[in-house]
Amino acid sequence: MCSVNEEGAEVFEVLKPIEPLELKCRKCLIEDGNVVLQKKFVYCKTCFVPMVTHKFRATVGKSKLVNRGERVLVCVSGSQSSVSLLHMIWTGLQQSTYKRLTFEPVVLYIDESVLHDYPLDQVKKIKELFEKYGLTYHIVKFSAAVYLDNCLNKDTNVDQYNDKLQNIFNNLSDLTLKEDMLMKLRKRAITKLADLLKCTRIMTAENEHKLSIRLLSNVALGRGSQISLDIGLAVNNKNNNNTSLVTIRPMRNLSAKEISYYALFNKLDDFMHSNFLTATSEDESIQKTTERFVNDLQVDFPSTVSTIFRTGEKISEKTSAIAYCLLCQGIMEVNVSPSSAMEATKYSKYVSLMGVKALKLSLKELKNEETNEKNCNGCKCRNKQDLKEKIIESLCYACTHIIQELESLDDLPEEILNKEKERLQFKKMEEQIKDFLL
Amino acid sequence: MPVLYSAKCGQNAVLKRPKTGDTLCKECFYWAFELEIHSTITNGNLFKKGDVVAIAASGGKDSTVLAQVLKTLNERYNYELKLVLLSIDEGITGYRDDSLKTVLENKDEYQMPLKILSYQQLYGWSMDKIVAEVGRKNNCTFCGVFRRQALDRGAMLLNVDCIATGHNADDIAETVLMNILRGDVARLQRCVNIITITEGTIPRCKPLKYTYEKEIVMYAYFKKLNYFSTECIFAPNAYRGYARTFLKDLERLKPSSIMDIIHSGETMCIKENVKLPDIGVCTKCGFVSSQDICKACILLEGLNRGLPKLGIGKSSKANKALAALPNPRLLHF
């Protein structure tokens, strides 16, 4: 194929030969510069920190989403970004700050030590940090947050839930899916905790760089319709109509570099925070491959990250959606047209299983044949298989990939299973009365 | 050792499908491959009975396979289509002249009429001449813009109802990625459409939209199809190359990635308040354009005026440059 698109390729930014940089800060023109941004803008320390803070404040302010006295859940993972977010909020709350922030932050750290190896004193250190800031805070174990309703109670024994959680991830052999599942479970946990802590806003600390990588890997995972949910500034959580939970990402206009310099100048220490991709090779997961791709491209084309990011801002959810995925709360693909990637994939699977026979049988008959094969005389394994198939009906395209890999659904949080049962019950009811509905 | 065989037809499997991972024998693979395209065509309502369809034939693997499959399916399922081959001769010595030989052979083999249009005859410039003017960089801009219009013109000459192009699933997924990287939301939405209908132009469709490039090569290999496989000698487009490598990496990790990306593209929705370019008509040549004067006319004007860089980059800049010329009277051609 020729490599030019429909109406011709556009020209990309051409890098100008490097000019010798100004030594003085471009803002105050007095101090010597300490930081160079985008290979051309020089800032001194005293001008840089307010500039970054301003970007953060502008993102929060512009959105007009946080009201006076509103309780905001601030999620801290221990990363440089989140530690900086915490510092910015704390600074903004001080009396001496001009235009003080007026919301009421509730800081949250989810302890994921059950999945990753953290230093033993990590929680203690985080606690010390939170104490230092003097804000309301909560440290919750991940498994408790995923499985328990009263997860704020510290005395509950979580050992059995730790096992369940580890089981889920041990069942998923594919790193891509593991990480995807972790993200979804984290999100569930945060949403739940926000509800429990009576917070109506959630702040997370993802920066521009991270969000554009997430956008691209979401596309690669088939989560295109959920992009705004995962990278947007404000996302209404449809799970809970009466409380309308909104996620705000106030660091989304900052680059990773700006944040690391902010942390450096303010002497902020970050903590170990892992996920399943930490210390894995780039060729093992889609997310890491995407990360390498974006990073490599960023070197040659410095506007890559911001372009991807801004493309993402123009993508929204389908407003007509009626169904949401049970696992990730993303939009479900209902009533797909017969000419779509989803149907085409199903058809491929079907024809390559049937070969020439595909001509004679229709898709429905194949399904019957399959179920006949699976029925091993009404034993338990059939029930399980059945539930899995049912639950897949209420999952989005990408989440089906995860659940299909799981051997058993027993380890999933109870609420998911209950919701599914509820849905099936409702469907049954509908079936019974459908002739009488006008 | 005979390989376990997914479709259980009794033959030994000879290949593993790149798309699904299933092992098949040659015959079953042909069936699967052709049936899939058949289902894409019928589900997408790409053709009507009695349509005259132009196959955009470059001589490469995609268009060769497309011609072969469309011919087969047309006979097998009675589409009642009249198929013609349409080729564009960009005038690239050492590349297009060789690939056109393949198209000529295809013409005899498939017994389809063939129409060749050349840039020289349409625009007065062949790619060889253009490259001599603009150099190796950015010449793909000319080639791409001109070809799109040339295909339309050729299709009008042949009086066809529809143009079928050989874009495969890899191409589409790649374009989705490219449009995200370039921030082009209008095209991002358009590029996954299986059939593009714009007023005033002939509809274009992509029957191979869900077919993997690897399977196309496999099909051509087993059927011993005669195709031309040389990269264009002028500037392999660097930026698309990045997207291509990335896609191949993803495919290696998870073969379904290509379909996943197309799925993402299909389900993505553009925010209502985002301004999209309006589709209009070029005031000079009358072809579809989002600007007053279409890109092809600007590029051509630049070439004829000895300002080959004129149309490269934003159209607004080109308009300014034109206005600044000593003879602005010619601005509106």
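The rules behind each value
- Going along each chain's sequence as written, the residues are numbered from 1 onward.
- To read the labels, note that chains go from A and ligands from 1, taken in the order they are written.
- Local features in a predicted model are, by the rule used here, given only for residues with pLDDT of at least 70; side-chain atom pairs are given and counted only at 80 or more, and totals for whole chains, interfaces and linings are based on all residues.
- Only hydrogens and water are set aside; all other atoms, that is, all heavy atoms of the structure, feed into the side-chain values.
- We define a salt bridge as a side-chain nitrogen of Lys or Arg found within 4 Å of a carboxyl oxygen belonging to Asp or Glu.
- Where helices and strands are cited, they refer to DSSP runs of H or I of at least four residues and of E of at least two residues respectively, numbered from the N terminus.
- Only protein chains enter the accessibility calculation, which uses a 1.4 Å probe. A residue is then buried if its area is under 20% of the maximum for its type, exposed if over 50%, and partly exposed in between.
- We call two residues contacting when some pair of their heavy atoms lies within 4.5 Å.
- Two parts lose some accessible area (1.4 Å probe) when they are put together, and adding that loss for both gives the buried area.
- As used in this structure description, the phrase polar contact means that two N or O atoms lie within 3.5 Å; if the pair is within protein, one of them must be able to donate a hydrogen and the other to accept it, and residues adjacent in sequence are counted only when both atoms belong to side chains.
- Residue type decides the class: Asp, Glu, Lys and Arg count as charged, Ala, Val, Leu, Ile, Met, Phe, Trp, Tyr, Cys and Pro as nonpolar, and the leftover types, Gly among them, as polar.
- Here, nonpolar core means buried Ala, Val, Leu, Ile, Met, Phe, Trp, Tyr and Cys residues that are tied together by side-chain atoms lying within 4.5 Å of each other.
- Two strands are said to pair when DSSP picks up at least two bridges between them.
- pLDDT measures the predictor's confidence residue by residue and takes values from 0 up to 100.

Turning to the pattern of salt bridges, a few remarks are in order. Counted according to the given criterion, the structure contains 44 salt bridges over all chains. With a closest N to O distance of 2.9 Å, D180 of chain A and R223 of chain A form a salt bridge. Separated by 43 residues along the polypeptide, D180 of chain A in helix α6 (residues 175-196) and R223 of chain A in the loop between α7 (208-221) and α8 (227-231) bring together distant segments of the chain. Judged by its relative accessible area of 4%, D180 of chain A is buried. Residue classification places R223 of chain A among the buried positions, given a relative accessible area of 0%. The residue D249 of chain B makes a salt bridge to R252 of chain B at a minimum N-O spacing of 3.1 Å. On the criterion of helical spacing, the pair formed by D249 of chain B and R252 of chain B is a turn pair, its members being three residues apart in helix α10 (residues 238-253). Overall, the relative accessible area of 16% leaves D249 of chain B in the buried class. Exposure remark for R252 of chain B: the relative accessible area of 62% places this residue in the exposed category. By sharing partners, the salt bridges in this structure join E282, D283 and R292 of chain A together with D249 and R252 of chain B into a single network.

Attention shifts here to the interface of chain A and chain B. If you look at the interface, chain A gives 68 residues, while chain B gives 71 residues. Both faces considered, chain A and chain B share a buried interface measuring about 6,100 Å² in area, 63% of it formed by carbon and sulfur atoms. For the pair chain A and chain B, the interface holds two salt bridges. K349 of chain A serves as the salt-bridge partner of D22 of chain B, at 3.4 Å between the closest nitrogen and oxygen. Applying the counting rule to chain A against chain B returns 13 residue pairs in polar contact (both at pLDDT 80 or more). For the side of chain A that touches chain B, the elements supplying multiple residues, two or more each, are α7, α10 (286-300), α11 (304-313), β9 (315-316), α12 (341-354) and α15 (397-405) of chain A. Considering each element in turn, the side of chain A that touches chain B owes the most residues, 11 residues, to α12 of chain A. Of the residues assigned to the side of chain A that touches chain B, the class counts are 31 nonpolar, 22 polar and 15 charged.

Of all hydrophobic cores here, the largest spans 93 residues; its most connected members are L216 of chain A together with F47, I180, I261 and I262 of chain B. Those residues within four positions of I262 of chain B in sequence are excluded, and the remaining contacts are A341 of chain A together with A169, I172, A173, V192, K209 and Y210 of chain B. In this structure, L108, V140, V146 and F169 of chain A belong to the second largest nonpolar core, which totals 52 residues.

So, about the pairing of strand β3 (residues 71-75) of chain A. Residues and elements named next belong to chain A. Along β3, four of the five residues are buried, which leaves the element largely enclosed by surrounding structure. As paired elements, β3 and strand β6 (residues 201-203) share three bridges and run parallel to each other. Within the sheet, the bridge partner assigned to L73 lies in β6 and is I202.

Residues and elements named next belong to chain A. Looking at chain A, pLDDT values average 80 and 84% of them are 70 or higher. Below a pLDDT of 50 lies the segment residues 1-15, which in the model reaches 41 contacts outside its immediate sequence neighbourhood of four places, other chains included. Within the model, the stretch residues 371-378 combines pLDDT values under 50 with four contacts to residues more than four positions away or in other chains.

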